[in-house]
Amino acid sequence: MKSILNTLRNKSVCPVPPVWIMRQAGRYLPEYREVRAQAGSFLDLAYNPDLAAEVTLQPVRRYGMDGAILFSDILIVPHALGQGLEFRAGEGPVLDTNDLKDLSLENVNDKFSQICKTVFKVRQALDNQHPQTTMIGFSGSPWTVACYMIQGHGKSSFPAIFEMMDRDPDFLDHVIDLIVDASIVYLKGQAEAGAEVLKLFDSWAGLIEDKSQFEKYVIIPTQRIIEGVKQTYPDIPFMGFPRHVPLEWIEAYVIQTGTDGLAVGEDIKMSDIKSDIVLQGNLDNQLLLEGGQALEKSVKDILNEMEGRPFIFNLGHGVIKETDPAHVQQMLDVIRQNS
Ligand code: CP3
C-alpha cells in the first residue's frame, strides 16, 4: 500500500508514519555525486530523463523511502518561460533579469516534456520495484519563484521583488500570472506522467510581513494553481509548504488554498496547528547533520507529538549536504522501531 498517498487521500493514521526527506536526492549521497559528475552541469542532469530518474530512485533504493520526489528544481519554470538560468558551482542559481520583459508561455512544453519523461520513468520503476513508494511531483509557488526571477540570484534576501511591489505592481502581477499558468501546465503534465502527489514549495513565503500582501502573493496564486490542476485531476492531493509563515496565518493558508496537506518547518510546533489537515515535518536538519542522541530524542519527540494524527515524517527543510548518510539511516531506524 502507498502510505503517503493513503495518508493524504484518506487522512489515515499509519502505525509507522510514512517518511521521506526534502532534498533526499542530493549531494550528501556519494551515488548522487557520481551521477552529477557524469552529467556535467546541474541542468544537464535535470533535463536528462535517464539520469534524473536514476538519482530520484537512489534514496528509495538505499533507504526504502516512502516517497520518491522528482529530481528537478523549482527554477525550471522560469527557464521554460524563457529566462536564462545557470547553476554555478558554489554560487547557486543565477537568472538573467534582462529576459523578464520577454517571458512567454509559448515554448514551455519544450522544457517540461523532458522533466515529465523523468516522472514517467520513475513511476514505471516504482510500480515494478517499489510499489509502496509514492511518486511526488512538485513546483515552486509563484511568490518564491518570482523572488528568484526578479532578484536574479539565489541568496537568501530578495529586496528587488519588494521594490517592484511599490514601483511596478502591474508588472509583478504579470510575472505572477505567467508563473501560475506555466505551473498549471507543468503540474498537469507531471500528473499525466504518473505523479501521485504534488508539492508546492514556498520557501520564501515568510519574507512577507503584511497579511494582505500574503493573501495577494501567496494564498491566491497557490489557490489558482491547485484549482487549475484539480479541474483535470480532482483526486490528486497537494502538499503546501509556506515556510516560515507565522502560525496565525497558517489557518487562512490551509482553508483558502484548498491544500490537502501542509509541510511544516522546524520553527513551528506541529501540535500547535489546530486545523484538521495532514501534516508533514519537521525534524531540524541541523540535528540530522549532528546525529547521535539529540537526533534520536528529537525524532522520538516528533513521533510522540504526532501520535494518533495523520502524519508524514520529514525534515523542516532540505537535508544539508555535509550530512552523513548514516544519520539518515539512524533517523529511519528510530521511526521504524519506535512507532
Ligand atoms: O530531492 C529533492 O528534494 C528533489 C529535488 C529538488 C531540488 N531542488 C534539487 C536541487 C527540489 C524539490 C528542489 C526545490 C528547490 N530548489 C527549492 C525549494 C526547496 C528549498 O530548498 O527551499 C528552492 C528554493 C530551489 C532553488 C535552488 N536550487 C537553490 C537556491 C539551489 C542552490 C543551493 C544549493 O544547495 O546549492 C538549487 C540547486 C539544487 N537543486 C541542488 C539540488 C540537488 C544542488 C545543486 C547540485 O547538485 O549541484
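Residues numbered from 1 in each chain as written. Predicted model: local features only at pLDDT ≥ 70, side-chain atom pairs only at ≥ 80, totals over all residues. Heavy atoms only, no water.

Caption draft 1: Geometry of the pattern of salt bridges. Overall, the coordinates contain 18 salt bridges when judged by the stated rule. Among the ionic pairs, Glu86 bridges to Arg88, the shortest N-O distance being 3.4 Å. Residue class for Glu86 comes out partly exposed when judged on its relative accessible area of 42%. The residue Glu91 makes a salt bridge to Arg88 at a minimum N-O spacing of 3.7 Å. The exposure class of Glu91 is partly exposed, given its relative accessible area of 36%. One salt-bridge network, in which partners are shared between bridges, spans Lys2, Arg123, Asp127 and Glu196. (Salt bridge = Lys/Arg side-chain N within 4 Å of Asp/Glu carboxyl O. Buried < 20%, exposed > 50% of the residue type's maximum accessible area, 1.4 Å probe, protein only.)

Caption draft 2: Just helix α2 (residues 30-39), in detail. Residues of α2 that are buried include every one of Tyr32, Val35 and Ala39, and no others. Viewed along the axis of α2, the buried residues span an arc of 70°, placing them on a single side of the element. Of the exposed residues in α2, those oriented more than 90 degrees away from the buried face are Glu34, Ala37 and Gln38. Here the buried face of α2 lies against α3 (42-46) and α4 (49-63). Gly40, located one to two residues past α2, shows a positive phi value of around 100°. (Helix = DSSP H or I, 4+ residues; strand = E, 2+ residues; numbered from the N terminus. Arc of directions from axis to C-beta. Contact = heavy atoms within 4.5 Å.)

Caption draft 3: Region of interest: the packing of aromatic side chains. With the rule as written, the count across this model stands at twelve aromatic pairs. Relative to Trp204, the ring of Phe158 lies with its centre 5.3 Å away and its plane at 55°, an arrangement referred to as tilted. With Phe158 in the loop between α7 (142-151) and α8 (159-167) and Trp204 in the loop between β5 (197-202) and α10 (211-232), the pair connects residues that are 46 residues apart, well separated along the chain. Accessibility expressed as a relative area gives 3% for Phe158, which makes it buried. Since its relative accessible area comes to 15%, Trp204 is described here as buried. Through successive ring pairs, a cluster of aromatic residues spans Tyr32, Phe42, Phe71 and Phe87. In this structure, Lys199 is placed above the aromatic ring of Phe241, and the distance from its NZ or CZ to the ring centre is 4.8 Å. Sitting over the face of the ring of Trp204, Arg243 holds its NZ or CZ atom 5.0 Å from the ring centroid. (Phe/Tyr/Trp six-rings, centres within 6.5 Å; stacked < 30°, edge-to-face > 60°. Lys NZ or Arg CZ within 6 Å of the ring centre and 35° of its normal.)

Caption draft 4: Examining the pairing of β5 more closely. Buried residues dominate β5, accounting for six of its six residues. Covered by surrounding structure in β5 are Val197, Lys199 and Phe201 together with Leu198, Leu200 and Asp202, the residues of both alternating faces. Bridging between strand β4 (residues 134-140) and β5 involves five bridges; their strand directions are parallel. Following the sheet pairing, Gly137 is matched in β5 by Leu198. Where β5 lies against strand β6 (residues 238-242), five bridges are found, and the strand directions are parallel. Within β6, the position partnered with Lys199 by the bridge is Met239. The parallel pair β5 and β6 is bridged by α10, and the resulting crossover is right-handed. (Pairing = 2+ DSSP bridges. Right-handed = clockwise from strand over helix to strand, strands pointing away.)

Caption draft 5: Representation of the nonpolar core in the model. Judged by nonpolar contacts, the single largest core of 125 residues is most densely connected at Phe313 and Met331. Of all the elements, helix α9 (residues 169-193) adds the most residues to this core, at twelve residues. (Core = buried A, V, L, I, M, F, W, Y, C linked by side-chain atoms within 4.5 Å.)

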